[in-house]
Every structure is written in C-alpha cells, then in structure tokens.
Amino acid sequence: MARPKKAPAKRGRKPAAKKAEAPALPKAVAAATKAVEKATKAVAAQQTKVEAAEKKAAAAKAKASAAKATAAAKRAATAANAKVKAEKEKLQAAKAAVRTAATALKVAEIEAKAEAALAAAKEAAAAYEAELTAKADADLAKAVAAFEAKWRKARAKQDAVKVKARAKKEESKAKVAAKKLKAKAAAAEAPAKPKAKPGRPAKAKTATSKDAAPKRRGRPPKAAAAPAKAAPAKDAAPKRRGRPAKAAAAPAKAAPAKDAAPKRRGRPPKAAAAPAAAKDAAPKRRGRPPKAAAAPAPAKDAAPKRRGRPPKAAK
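Residues numbered from 1 in each chain as written. Predicted model: local features only at pLDDT ≥ 70, side-chain atom pairs only at ≥ 80, totals over all residues. Heavy atoms only, no water.

Student: Can you walk me through the overall build of the protein chain in this structure?
Tutor: The helix and strand tally for the protein chain stands at 2 helices and 0 strands. The buried share among the 315 residues of the protein chain stands at 8%. Carbon and sulfur atoms form 59% of the exposed surface of the protein chain, whose accessible area is close to 29,600 Å². (Helix = DSSP H or I, 4+ residues; strand = E, 2+ residues; numbered from the N terminus. Buried < 20%, exposed > 50% of the residue type's maximum accessible area, 1.4 Å probe, protein only. Areas by Shrake-Rupley, 256 points an atom, 1.4 Å probe, with all protein chains shown as cover.)

Student: Honestly, the nonpolar core in this entry has me stumped. Any pointers?
Tutor: In this structure, Val29, Val43 and Leu105 are the most contacted members of the largest nonpolar core, which totals 13 residues. Going through the elements one at a time, helix 1 (27–64) and helix 2 (71–189) are the ones with two or more residues in this core. With 7 residues, the single largest contributor to this core is helix 2. (Core = buried A, V, L, I, M, F, W, Y, C linked by side-chain atoms within 4.5 Å.)

Student: Help me understand the side chain of glutamine 46, please; the structure alone is not making it clear to me.
Tutor: Within the secondary structure, glutamine 46 is located in helix 1. A polar side-chain atom of glutamine 46 sits 2.4 Å from a polar atom in the side chain of glutamate 87. Other than its neighbours up to four places away in sequence, glutamine 46 contacts Glu87, Lys90 and Leu91. (Polar contact = N/O pair within 3.5 Å; in protein donor to acceptor, adjacent residues only side chain to side chain. Contact = heavy atoms within 4.5 Å.)

Student: Please explain helix 2 as it appears in this structure.
Tutor: It helps to recall that an α-helix has 3.6 residues per turn; residues three or four apart then point in one direction. Relative to the 177 Å expected for 119 residues at 1.5 Å per residue, helix 2 spans 170 Å between its end C-alpha atoms, a close match to the ideal helical length. Contacts from the buried residues of helix 2 go to helix 1. (Expected span 1.5 Å × (residues − 1).)

Student: Is there a simple way to think about a positive patch on the surface in this case?
Tutor: A cluster of basic side chains, namely Arg219, Lys222, Arg243, Lys246, Arg267, Lys270, Arg288, Lys291, Arg309 and Lys312, defines a positive patch on the protein surface. By the element assignment, arginine 309 lies in the segment after helix 2. The class of arginine 309 is exposed, set by a relative accessible area of 78%. (Patch = residues over 30% accessible without salt bridge, like charges linked within 9 Å, V, L, I, M, F, W, Y side chains within 5 Å. Salt bridge = Lys/Arg side-chain N within 4 Å of Asp/Glu carboxyl O. Lys, Arg positive; Asp, Glu negative; His and termini not counted. Charge placed at Lys NZ, Arg CZ, Asp CG, Glu CD.)

Student: Help me understand the packing of helix 1 against helix 2 in this model?
Tutor: Helix packing for two helices is described by the angle between their axes and how far apart those axes are. At their nearest, the axes of helix 1 and helix 2 sit 7 Å apart, and the two run at 165 degrees to each other. In terms of orientation, helix 1 and helix 2 fall into the roughly antiparallel class. Of the two possible hands of crossing, helix 1 and helix 2 adopt the one that is left-handed. Partitioned by chemical class, the residues of the contact of helix 1 with helix 2 number 28 nonpolar, 5 polar and 12 charged. (Axes fitted to C-alpha atoms, helices over the stretch in contact; angles between N-to-C directions. Parallel < 35°, antiparallel > 145°, perpendicular 65-115°, else oblique. Left-handed = near helix turned anticlockwise from the far one by under 90°. Nonpolar A, V, L, I, M, F, W, Y, C, P; charged D, E, K, R; others polar.)

Student: Mind showing me how you'd approach helix 1 here?
Tutor: Helix length check: helix 1, at 38 residues, gives a terminal C-alpha distance of 55 Å against a target of 56 Å (1.5 Å per residue), a fit within 8%. Of all the residues in helix 1, the buried ones are Val29, Ala32, Val36, Ala39, Val43, Gln46, Val50, Ala53, Ala57, Ala60 and Ala64. Against helix 2 lie the buried residues of helix 1.

Written out as structure tokens, the structure reads:
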C-alpha cells in the first residue's frame, strides 16, 4: 500500500519580525533635535572652509617669504590670513549656534520629561481610581451578599414563628370543625325525635275546669293561705297582667266585689292588721303601702295617704 505524500513545504523567506515602533517625540524636542543637527552640519561645513583657507594662507605665505617675493604675493598672503581669520570667526559662531541648539534640545527634553511625568501621574491616578472602583464594586457585592444572607436568616426566623402560629390556629379551627361535623354525624345517626316548641315548657295542669280563667303571661298568682269564703266568679275582679295580690292573712269579713277597689298592676299592698271599712279607707296608691299603725285613728279623721315611706308609728 502506497504511503500518502506530504504536502511540499512552501519555500521563501520568513517574514521579518516587526520592530517595536519608537515612541513619537514631542514636537518641541523634534524641532530642537533638527536645529542641533542643522547647526552641527553648519559647523562641519565651516570647518572645511577654515581648513581650505588655512591651506591657501600657507601657500601665500610661502610665496611671500621667498627671496624674490613680489608685492602682489605679499598682499595675497595678507588677504589669505584675513580670510582664515574670517572663516574661523564664522566657525566660532556656528559652534555657538550648536551649543545654543543643544541647550534648547536639553530644555525641550526636560520639559517633555516633565510633561510625560505629569501624564504618567494622571494615568497612574486614573488607573488607581479604576482599581478603587473595581474594588468598591467587589466590596459592595460582598456586603450586599452578607446583608442579604443576614436579612434572609432573620426573615426566615420571623416567618417560621408566623407559620407556627398560623398552623396552630388552623389546627384549632380544624378541630372545632371536626367536632361539629362529628356531632352532626351523631345526630344524623340518632333516631328522629319530635321537635320541641321553643320557650319554657308548659306546667302540668292540676285541675281543669271550664270556668277557669284563661292563662296569661307572667308569674301565676299564689294560692290563698286560708280564704274565709270564696267570692262568686261573676263578682270577682277581672284578672290583670303582672304579679297577683297576696292573699290576706286573716280577713274579718270579705268585702263585696262591687265595693272592692279595682286591681292595679305591680305588687299589691300588704294586708292591714285591723282594716277599716272599705268605703271609709283611703284610695290605694302606687308604691310600697304604709305600715299598719299601732292604734289607728278613725278613717274619716285620718290624714290622706302620701307617696313614699310611711311615717313611723308613735310610741
């Protein structure tokens, strides 16, 4: 079996590694650097001129110092010396310009460094601010998480107490409802009984009679202790609502029904020990009856009865 052929490697030069770009110089430093370079070139050019003038001056001096030197040769030598002097002065001026440009370059570099330091300080402050902001966000997240955990724990405790109370309340309600339902179930299982009428049950009748008075609401009258003679039913006063009058303890003679005072509502007056005649007696009044006097005066001479507590008997 044939082996698979490998793909041929690509030939050619490897790409050169990218050089790190130099940081851009400030404008003032770049201008000062150009000025220094220009002044340096001027110094070099002037130095070349000085050297050429010196060569010419040396040749003119050699001609002027010869035995047969002419006046023109001497003037040429003097002019060559003057040219050398002038070129040297220009060279000194160019060198001074170079020094000035170098000083300006140093000042620009110092100012650039100061500006760079200020910018670096601002960047450092901004970076520190960003770091503090990030740290504050992280601390805030931690604090919020801690507070949330603490709050949830406390709230869960409160909710547990409320749930326990509500469960107890609902359980008591359920027990009461279950008790009622059980009572209803027991009542449904029990045999049906005739429904009783609402109110107090009627008392058993002792003696029935056709002539008996119809029953009325309220307390029934008390039975008389020992009545002398029963008055006829037709002459008896009609029954009224309320408590009936007490029976007299020992009445001398029963007054006729027509002459008797009409019955009134409320507690009847107590029976007098020695009552006077019905016609001569004072009319009955509401309230507590007066006490029986020890020695009552005749009915006609007696003072009229008044409301309230009766006066005490005289000794």
